[in-house]
Amino acid sequence: MDDNQDFRREIRAWLAATVTDDLRGAGGAGRENEAFDRRLAFTRRLAAAGWSTLAWPVEHGGQGASLERQVIFHEECAKAGAPSRVDHIGVTMVGPTLIQLGTTRQRERFLPGIAAATELWCQGYSEPGAGSDLAAVATRARLDGDQWVLTGQKVWTSLAHVADWCFVLARTAPPPEGASRHAGLSYLLVPMRQPGVTVRPIRQLTGDSEFNEVFFDSARTDRDLVVGEPGQGWRVAMATLGFERGAATVGQQVGFQRDLDDLVALARRTGAAADPGVRERLTRAWIDLTVLRAHTLRSLSAPPSAGTATVIKLLWSRWRQGLGELAMTVLGPAGVAVVPGDPDVDRWRRLFLFSRADTIYGGSNEIQRGILAERVLGLPRQDRR
Ligand SMILES: Cc1cc2nc3c(=O)[nH]c(=O)nc-3n(C[C@H](O)[C@H](O)[C@H](O)COP(=O)(O)OP(=O)(O)OC[C@H]3O[C@@H](n4cnc5c(N)ncnc54)[C@H](O)[C@@H]3O)c2cc1C
């Protein structure tokens, strides 16, 4: 325990020395492009100091830190207003996937660049005809000598415009007669900076472009850059999704608490706090966040149980959407007026608009509820075709 307190002091001191005013609070939901270069430099400093890969095993270049320490790290980052990192897709998704399922050569090739944030990654799963129904991916890859050649389109690819590599779910063979559509898919590591890859930004509700369409037009990658066996990529793709959150959720909730505190302060300033409806909603937001945090902490220290991660996703996504809606009520007419340069209006409007996406990405809430219905409650399986 004392060791953990030393650890907390150490990360706190490091953050106090490193998170300068121009970095504090930069990035986050709906602000992925904000101060990007400065956030990249911060991410690299974090990596150089050994904080980035706390959760990775020591033998793969990580710190092998306990869950407790990971939680402390994320809490302290959130409390210090550390800018949001730009390496999360690499560090929390593809890195752990390679550690668990990659070849030695793949690990040696990619883990150092992910850990140092010198190579950034994006996730190439969704397509215009394959989102919730991911097994419908139509991007194809075929072998041509020592390389895979990819043709197809991905969509909603977050950060593709800054990524060096993409992990792509592509069909490399038709499913064998009578087999599920999951067979014949492969998980390929594809370099983004090549003539066969075109990235087209998508403008979002917020006015920003954080995700993209990605077109593969005879794009190439080496034959050995398939993770797992060719045709067995579904299992790998699902493993990646399983790594997506973890201890970082706790840090996210510390950020939520700060958002709520700031909204309470705004409600006092604007006088909205006198409205009984607003007071009730603010109080309810506090209660819900307290419950969410307790549930998350308990679930992190308990053995994994069916549906836990799903329940947390459902709860936090609804919570943040609710906060965005409440912020619009607190702002009143200013929330919908054009008020250039007002940081309050910009911040809350962005949160309100971006949080519409919270119930969609990472598996939409309808899909999550379907998973709970079938896998936890044992209800009859839904006919999807
Ligand atoms: C901000 C953001 C970032 C994203 N980043 C990435 C990324 O980096 N890489 C990536 O690959 N993808 C990314 N996505 C895509 C995301 O994973 C998909 O949007 C999501 O899986 C839903 O797929 P879809 O958009 O095709 O919607 P659809 O699957 O077409 O669903 C449309 C609606 O129908 C509902 N629905 C569908 N099937 C069912 C069902 N069986 N039962 C009940 N309701 C159903 C859905 O819940 C939804 O409301 C991102 C999305 C967002 C919003």
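With an unreviewed UniProt entry as reference, the chain is termed Acyl-CoA dehydrogenase, source organism Actinoplanes palleronii. Database annotation for the chain, UniProt heading Sequence similarities (unreviewed entry): "Belongs to the acyl-CoA dehydrogenase family." The record in UniProt for the chain states the following under Cofactor (unreviewed entry): "FAD".

**Student:** Report on the packing of helix H7 (residues 248–270) against helix H9 (residues 308–331), specifying residues and quantitative values.
**Tutor:** For the pair H7 and H9, interaxial distance at closest approach is 11 Å and the crossing angle is 20°. One element, H7, and the other, H9, form an angle in the roughly parallel class. Crossing angle aside, the handedness with which H7 passes H9 is left-handed. Here Thr249, Gln252, Phe256, Asp259, Leu260, Leu263, Leu266, Ala267 and Thr270 of H7 come into contact with H9, specifically with Ile312, Trp316, Trp319, Arg320, Leu323, Leu326, Ala327, Val330 and Leu331. Here the residues of the contact of H7 with H9 sort into 13 nonpolar, three polar and two charged.

**Student:** Kindly report on the side chain of Thr97, identifying the contributing residues and their values.
**Tutor:** Looking at the element boundaries, Thr97 is found in helix H4 (residues 88–101). One polar contact links the side chain of Thr97 to the main-chain carbonyl oxygen of Met93, over a distance of 2.6 Å. The contacts of Thr97, once residues within four sequence positions are left out, are Gly102, Tyr187, Val236, Thr240 and Phe243.

**Student:** Would you mind going over the site of the ligand in detail, with residue names and values included?
**Tutor:** Within the structure, the ligand sits among 17 residues, and Ser126, Ser132, Trp156, Ser364 and Glu366 are positioned closest to it. A distance of 3.0 Å separates an oxygen atom of the ligand from a polar backbone atom of Tyr125. At a separation of 2.7 Å, an oxygen atom of the ligand approaches a polar side-chain atom of Glu366. Bound to the protein, the ligand loses 68% of the 970 Å² it would expose on its own. Broken down by secondary-structure element, the contributors of at least two residues to the shell around the ligand are strand E3 (147–158) and helix H11 (365–376).

**Student:** How would you explain unusual backbone geometry if you had to name every residue and give the values?
**Tutor:** Unusually for a residue other than glycine, Leu159 sits at a positive phi of about 60°. One non-glycine residue, Ser218, adopts positive backbone phi at about 55°. Checked against the element boundaries, Ser218 lands in strand E7 (residues 211–222).

Quick notes on the rules
- Residues numbered from 1 in each chain as written.
- Predicted model: local features only at pLDDT ≥ 70, side-chain atom pairs only at ≥ 80, totals over all residues.
- Heavy atoms only, no water.
- UniProt positions renumbered as here; feature names shortened; annotations may be inferred.
- Axes fitted to C-alpha atoms, helices over the stretch in contact; angles between N-to-C directions.
- Helix = DSSP H or I, 4+ residues; strand = E, 2+ residues; numbered from the N terminus.
- Parallel < 35°, antiparallel > 145°, perpendicular 65-115°, else oblique.
- Left-handed = near helix turned anticlockwise from the far one by under 90°.
- Contact = heavy atoms within 4.5 Å.
- Nonpolar A, V, L, I, M, F, W, Y, C, P; charged D, E, K, R; others polar.
- Polar contact = N/O pair within 3.5 Å; in protein donor to acceptor, adjacent residues only side chain to side chain.
- Near = heavy atom within 4 Å.
- Areas by Shrake-Rupley, 256 points an atom, 1.4 Å probe, with all protein chains shown as cover.

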